[in-house]
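Listed below, chain by chain, are the residues.
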Amino acid sequence: FGATQEAAAAALAGDQTAARELVVTYERRRDLVVTAIRDLGWDVIESHGSFFIWIAVPGGGDDVAFANRLLDEVGVAVAPGSGFGSRGRGFIRISLVHDEATLSELIERLALIAIPAR
């Protein structure tokens, strides 16, 4: 649709300050969560263009069962990777749209989950 394309072109040609600030916000959140998750001994895929991170299910296994376990045991809702296709199987996806205080609570809750040693 032409009007949508013109609006997009105008937005891209305009001031990008807000976009740069948003990038910094998501980088800060990503770094906070990725560092903490790695410190817990979990394998994380660090995103460089999204507000999601992907975590390998600790010890391998069923991503849906692990997502359910997180919800049941520590009240953390994540997306099972298999819901995004066969390449997502064995992973969970966490969103970085929450503020840093909420993400810090996420990390505290994930630290309560017993995972198999590597």
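What you see as residue numbers is a count from 1 along each chain, following the sequence as written. Since the coordinates come from a predicted model, pLDDT governs what is reported: local features require at least 70, and pairs of side-chain atoms require 80 or more to be given and counted, while whole-chain, interface and lining totals use all residues. Each side-chain value is worked out from all heavy atoms of the structure, with water and hydrogens disregarded.

Caption draft 1: Structural view of helix α2 (residues 17-39). The helix and strand labels rest on DSSP assignments: H or I over at least four residues marks a helix, E over at least two residues marks a strand, and numbering proceeds from the N terminus. Here the expected span of a helix is defined as 1.5 Å times the quantity of residues minus one. With 23 residues, α2 should cover 33 Å at 1.5 Å per step; its first-to-last C-alpha distance of 33 Å lies within 8% of that length. Here, two residues are considered to be in contact whenever any of their heavy atoms come within 4.5 Å of each other. The secondary structure elements touched by the buried residues of α2 are β1 (44-45), β2 (52-56) and α4 (100-110).

Caption draft 2: View of the nonpolar core. The definition of a nonpolar core used throughout is a set of buried Ala, Val, Leu, Ile, Met, Phe, Trp, Tyr and Cys residues joined through side-chain atoms within 4.5 Å. Categorising residues by exposure relies on relative accessible area from a 1.4 Å probe, with only protein chains included: less than 20% of the type maximum marks a residue as buried, more than 50% marks it as exposed, and the intermediate range marks it as partly exposed. Among the nonpolar cores identified, the biggest contains 24 residues, and W42, I53, I55, L70 and L110 are the most heavily contacted of them. Elements with a minimum of two residues in this core: α2, β2, α3 (63-74), β4 (91-95) and α4. The element that contributes the greatest number of residues to this core is α2, accounting for 5 residues. Contacts of I55, omitting those with residues within four sequence positions, involve I37, W42, D43, V44, G90, F91, I92 and I94.

Caption draft 3: Main features of the sheet that holds β1. Spatial strand order, β1-β2-β4-β3: 4 strands in an open sheet with antiparallel pairing. Of all the strands in the sheet, the pair left with one neighbour each is β1 and β3 (79-80). As paired strands, β1 and β2 are joined by 2 bridges and run antiparallel to one another. Bridge pairing in β2 places I45 opposite W54. Across the sheet, α3 is in contact with β3 and β4; its angle to β4 comes to roughly 45°. A pair of strands is labelled paired if DSSP reports no fewer than 2 bridges between them. Between N-to-C directions, angles span 0 to 180 degrees; the directions come from axes that are lines fitted to C-alpha atoms, helices contributing only their stretch in contact.

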